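# Structure at a glance
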Amino acid sequence: MASSSAAAATTSIQVALRIRPLTTQDSTSIPIRFQRSVVHAASPTSVSIESTSGAPSGTSPSPSSTPSAKKQSFYFDQVHPPSTTQYDLFTSTAQPLVSRFIEGFNCTILAYGQTNSGKTFTMTGIDPDGDPSNPNNGMGIIPRAASDIFSRAKQLKDERGGSWSYSIKGSFIEIYNEDLIDLLSLDDSTGGRRQVQIKDKDGHIIWGGLREVDVGNSSEVMTLIRKGTSIRRTKETDMNAQSSRSHAIFSLTLTQKKFIGSAAPTRSPSSFPPGGRSPSRITRPGSIDSGAGSASANHVSLPPLGRPGTPSFASAIGQGGGLRPSSALGHAGERSDGSSGGEDVGEWVTIVSKFHFVDLAGSERLKRTVAAGERIKEAISINSGLLALGNVISALGDPSRAKSNTATHIPYRDSKLTRLLQDSLGGNAHTLMIACVSPAEWNAAETINTLKYANRARNIKNRAALDEREDGWEDVERLQGTATPLQKELRVIKDGGTTSNLSDQAPEVVEGAGKKVLAQMTELQNNYEDLREKFVERTEELTRLRRELGEKHRGSSSDAVGGTTKYEEIVGPVIEEYEKTVAAMEAELNLNRAALRHTNEMVEEKEEELAAVTERHAATELYVDELRTRLAVKAKEAELEAGIEAKRAAREAKNTGHGTAHESALSQAASPVSLDESPPLKC
């Protein structure tokens, strides 16, 4: 397979709440009556907000801003009180994500909250160059995570040695007034910062034009962060002396190359050609020889029959560039893939994962920040992006959407911020949202809004999956050279019998062709073993002769060299011929093995089709029998109804006859006697 995203696990977005302590700026900028703390951590997973004494100036009253309002409670995955240190926050929230990142999953940490709630302090901290293991310094999540990532990567490298390698790249962008700006590169044409383009490829968001810088340790990561932070827009407002005027996303991209197999690799993944595996191997990359138990994974997808003519077997061998496989040496332990007999027992796999650290600009109320001029435009852009983010969270976290299991519109395109975070919100990533809030009563309304959105974000479901790619699938020319011999074998199999008829003869024809290929493969394998044994014998004899010749002529170096050279000139062509023959036989054996595997898959497919046809035929017979039964029942019912109708008609006819005679008798009895017809009276 070219890439694998199997075993995609459904996970919910994790939400952690951090309550920052009251600061000296709060005591000077907030009225005294609203300085008390109303937000308290009730438990490690719940927070409560006391009823407030009234709506502060510049805010609208809320249900919790009246004296009679009750205490409100919210539940999250984690709740951190003001006493939580930077180190404790990292170990409980971000460190588990670092483990998932090293495993190859995409991860995102999102800091969300109003302005001056401690988001940048949580993500970056105040002592980025400190000791990450020191629990008392002010290092934020990003420097600690970077140090932990490199530490674990180094540990894995020491454990796995040559079977694993990695590289890490960093990037830094900001979203300022709905413009995506690369903080690590300059535009050569204008001298300004290069803008980043958002592209959608196969359902995944690609950041086009973004510069990624190779980093080798956590110090280089912090250098990039300092470089980007120095350029990022920050201005002073009435609520924050260093208020972020843009959303910032710092990303680390980890590329791992690991060898998966039962044998130790004998080559480094860096030695691959740009397309992937060595050109001397002509077997199909992937898992064609991974085992007999994975028939579905071994299915061969052939190119259409209308493509140009397939090259001959000799030309297919010629694509190897004149390099013989190391298996021609005749020693199973010296194969390039650690296997014997042409069987692949391992593959180099590339895994790419991304870790996004998102520091959002805080939501602002213009009456609070007293913004003017350019600050108003920035605040409107910030609030628009956060509003779009809130709408996405509301749409994804809607309980009715989860119950109905119907596809609803998610407004990702309403803002560039939500477009960039599309994979992190409802996509392929493990996501952690850190909601930062102020405990002061003055900010109670904004705090409640933050808690509501964060609580709804817990309902969002992501599907995190590994992005694995087997090396060799990007070399199109070599893949075509691998597929064309298989296509030729398929044509030969089809020529051996009729394939248009799907009756009982079709499986027998395919099975016969498969047996023919199996016999050819067995014969080739026997020839290969014979040639390999002969080659091993000749190699051992050559080694023995060279050793004896060296011992005999060790004193006279010039004569020995001349004799050895002459001997090599005589024996060398024979050895090369053996090597070429063994390499060709091995290649042909691998091709026949692939053709046999594909034939077996075709047989299985035809058997499945035949079973489906048989099942449909049986169902049709049952339906016909049922119809016949119904017709017989209907015929009997019609016959009974006809008999009943006949009896009813006879009865009515009989009743009609009796009724007529009776009526005529009555009419005669009731008719008056005429005077003319009366008998004469006798005197």
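Up top you'll find the structure we're talking about.
First, a word on scope: everything that follows refers to the structure included in this document. Treat the numbers as computed from the prediction; the structure is a model and nothing was measured.

At a minimum axis distance of 9 Å, the contact between helix 4 (residues 141–160) and helix 5 (residues 218–231) shows a crossing angle of 150°. The orientation of helix 4 relative to helix 5 falls into the category roughly antiparallel. Considering how the two elements wind past one another, helix 4 and helix 5 form a crossing that is right-handed. Only S218, V221, M222 and I225 of helix 5 make contact with helix 4, whose side of the interface consists of I142, P143, A146, S147 and F150. Residue classes in the contact of helix 4 with helix 5 are distributed as 7 nonpolar, 2 polar and no charged.

Position of L183 relative to the elements: it lies in strand 10 (residues 179–186). It is 8.9 Å that separates the C-alpha atoms of L183 and R211, two residues lying 28 residues apart in sequence.

Another point: the side chain of E378. Here E378 shows up in helix 8 (residues 374–396). When residues no more than four places from it in sequence are discounted, the contact partners of E378 are Y176, N177 and R245.

This next bit is on the sheet that holds strand 4 (residues 39–43). Strand order in the open sheet made by the 3 strands is 4-5-6, with antiparallel pairing throughout. The open sheet has two edge strands, strand 4 and strand 6 (72–75), and neither has a second partner. If you compare each strand with its neighbour and ignore which way they point, the axes differ by 30° on average.

L17, V47, F76 and L389 are the most contacted members of the largest nonpolar core, which totals 46 residues. With 7 residues, helix 8 is the largest single contributor of residues to this core. For V47, the contacting residues outside a window of four places in its chain are L17, I19, V39, H40, A41, A42, Q72, S73, F74, F76, V79 and L451. Of all hydrophobic cores here, the second largest spans 40 residues; its members include I142, L156, V221 and A248.

Moving on, we get to unusual backbone geometry. Phi is positive for N116, which is not a glycine, with a value near 65°. Examined against the element boundaries, N116 turns out to sit in the loop between strand 8 (107–113) and helix 3 (119–123). The phi torsion at N177 lies on the positive side, around 50°, for a residue other than glycine.

A cluster of acidic side chains, namely E604, E605, E607 and E608, defines a negative patch on the protein surface. Within the element layout of this structure, E604 appears in helix 14 (residues 557–670). Of the residues examined, E604 reaches a relative accessible area of 39% and is grouped as partly exposed.

Two side chains with opposite charge may pair up if their charged atoms get near one another. Taken as a whole, this structure holds 12 salt bridges when the rule is applied. Here E50 makes a salt bridge to R36, at a shortest N to O gap of 2.9 Å. Of this pair, E50 sits in the loop between strand 5 (46–49) and strand 6 while R36 sits in the loop between helix 1 (24–29) and strand 4, and the two are 14 residues apart along the sequence. A relative accessible area of 26% places E50 in the partly exposed class. Looking at R36, the relative accessible area reads 35%, which means it is partly exposed. In this structure, R100 engages E103 in a salt bridge whose closest nitrogen and oxygen atoms are separated by 2.8 Å. Linking R100 with E103, this pair stays in helix 2 (residues 86–103), spanning 3 residues, or about one helical turn. Each of R36, E50 and E441 takes part in one network of salt bridges that share partners.

Cut-offs and rules
- Residues numbered from 1 in each chain as written.
- Predicted model: local features only at pLDDT ≥ 70, side-chain atom pairs only at ≥ 80, totals over all residues.
- Heavy atoms only, no water.
- Axes fitted to C-alpha atoms, helices over the stretch in contact; angles between N-to-C directions.
- Helix = DSSP H or I, 4+ residues; strand = E, 2+ residues; numbered from the N terminus.
- Parallel < 35°, antiparallel > 145°, perpendicular 65-115°, else oblique.
- Left-handed = near helix turned anticlockwise from the far one by under 90°.
- Contact = heavy atoms within 4.5 Å.
- Nonpolar A, V, L, I, M, F, W, Y, C, P; charged D, E, K, R; others polar.
- Pairing = 2+ DSSP bridges.
- Core = buried A, V, L, I, M, F, W, Y, C linked by side-chain atoms within 4.5 Å.
- Buried < 20%, exposed > 50% of the residue type's maximum accessible area, 1.4 Å probe, protein only.
- Patch = residues over 30% accessible without salt bridge, like charges linked within 9 Å, V, L, I, M, F, W, Y side chains within 5 Å.
- Areas by Shrake-Rupley, 256 points an atom, 1.4 Å probe, with all protein chains shown as cover.
- Salt bridge = Lys/Arg side-chain N within 4 Å of Asp/Glu carboxyl O.
- Lys, Arg positive; Asp, Glu negative; His and termini not counted.
- Charge placed at Lys NZ, Arg CZ, Asp CG, Glu CD.

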